[in-house]
Amino acid sequence: MSKRIAILSTSMLSVAILACAAPARAVDKEQAFFENPGSACQLSIPTIDTVVAPRANGYRNPGTQGAFVICGFPYFNRDFKGAGIVLVSLDGAQHTITCTAVNGVPIIAEQTYVSKAVVVPAGGSEEILFTPEDFGTIGTIDNTLSFSITCNLPPQTAITVIGSSYDLDVGA
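Residues numbered from 1 in each chain as written. Predicted model: local features only at pLDDT ≥ 70, side-chain atom pairs only at ≥ 80, totals over all residues. Heavy atoms only, no water.

S.K.: Looking at this structure, how should I read the sheet that holds strand β2 (residues 41-43)?
M.R.: By definition, the strands of a sheet pair up through backbone hydrogen bonds, in either a parallel or an antiparallel sense. Read across the sheet, five strands follow the order β2-β5-β10-β7-β8 without closing on themselves; strand pairing throughout is antiparallel. Unpaired on one side and paired on the other, β2 and β8 (113-120) mark the two borders of the sheet. Taken pair by pair, the neighbouring strands of this sheet meet at an average axis angle of 25°, ignoring direction. Pairing geometry for strand β5 (residues 67-72) and strand β10 (residues 148-153), over six bridges, is antiparallel. Note that in β10 the partner of A67 across the bridge is L153. (Pairing = 2+ DSSP bridges. Helix = DSSP H or I, 4+ residues; strand = E, 2+ residues; numbered from the N terminus. Axes fitted to C-alpha atoms, helices over the stretch in contact; angles between N-to-C directions.)

Structure (structure tokens):
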């Protein structure tokens, strides 16, 4: 009887090993990541002579002059399917805001700069979304390891959210 159990155990172990050795098909699941600009953004040209700064509800420019603000995006070992930024008007007036996204890593991969402008409605918000097509690719924005968006933030405007989407391999 014990010989039979030993043979059965060996057979079951062989089946288990073969099952583990079989290649699993990858399954991707789209993920989205959002971050408060208070921790993700900073003045592109730091100075102490400004009122532009991170706040609990965004990176705000309550002043009277424009300022360049850069927001860095975290990387999750997958290139982005899209990345964007949400902008708001603080003073109830309409504002045109221009932002530039850049992918690539200097010296390692060619960088591509893409600029877009939006009109933020009076007392409202607007999103600037960067897609693979903007960068001349299909499916994902290539080389997003060091992705950032820089905006020329006019007076009385704010960045309230940054975000990106990507596919995550969740196994079979």
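Back to the text.
S.K.: What is the right way to look at the state of the cysteines in this model?
M.R.: Put plainly, a disulfide is one covalent bond tying together the sulfur atoms of two cysteines. A complete count under the given rule lists two disulfides for this structure. For the chain, the bonded cysteines connect in the pattern 1-2, 3-4 when numbered consecutively along the sequence. (Disulfide = S-S within 2.5 Å.)

S.K.: Would you mind showing me how to read the pairing of β5 here?
M.R.: Successive side chains on a regular strand alternate, one facing one side of the sheet and the next facing the other. Of the two faces of β5, the one holding A67, V69 and C71 is buried and the one holding F68, I70 and G72 is not buried anywhere. Pairing analysis gives three bridges linking β2 to β5, with the strands arranged antiparallel. Bridging from a neighbouring strand, Q42 pairs with I70 of β5. (Buried < 20%, exposed > 50% of the residue type's maximum accessible area, 1.4 Å probe, protein only.)

S.K.: Looking at this structure, how should I read the confidence of the model for the chain?
M.R.: Reading fine detail from the predicted coordinates is not recommended where pLDDT is low. Per-chain confidence: the chain averages 83 in pLDDT, with 83% of residues scoring 70 or above. Here residues 1-23 is modelled with pLDDT under 50, and outside its nearest four sequence neighbours on either side it reaches zero contacts, counting other chains as well. (pLDDT = per-residue confidence, 0-100. Contact = heavy atoms within 4.5 Å.)

S.K.: How should the side chain of N61 be read in this particular structure?
M.R.: Here N61 shows up in strand β4 (residues 58-61). Separated by 3.2 Å, the side chain of N61 and the backbone oxygen of P154 make a polar contact. (Polar contact = N/O pair within 3.5 Å; in protein donor to acceptor, adjacent residues only side chain to side chain.)

S.K.: Explain the pattern of salt bridges to me, please; I cannot follow it from the model alone.
M.R.: Pairing of side chains with opposite charge becomes possible as their charged atoms draw close. Enumeration according to the criterion identifies three salt bridges in this entry. In this structure, D167 and K81 form a salt bridge, with 3.4 Å as the shortest nitrogen-oxygen distance. Taken as a pair, D167 in strand β11 (residues 157-169) and K81 in strand β6 (residues 80-89) lie far apart in primary sequence, 86 residues in all. Among the charged side chains, a network of salt bridges with common partners joins E30, K81 and D167. (Salt bridge = Lys/Arg side-chain N within 4 Å of Asp/Glu carboxyl O.)

S.K.: Can you help me understand unusual backbone geometry in this one?
M.R.: As a rule of thumb, non-glycine residues mostly have phi less than zero, and peptide bonds are mostly trans rather than cis. A positive phi angle, near 60°, is found at N77, a position not held by glycine. Structurally, N77 is set in the loop between β5 and β6. For N77, a relative accessible area of 65% puts it in the exposed group. If you check the backbone angles, N143 has positive phi at about 55° while not being a glycine. In this fold, N143 is placed in the loop between β9 (125-130) and β10.

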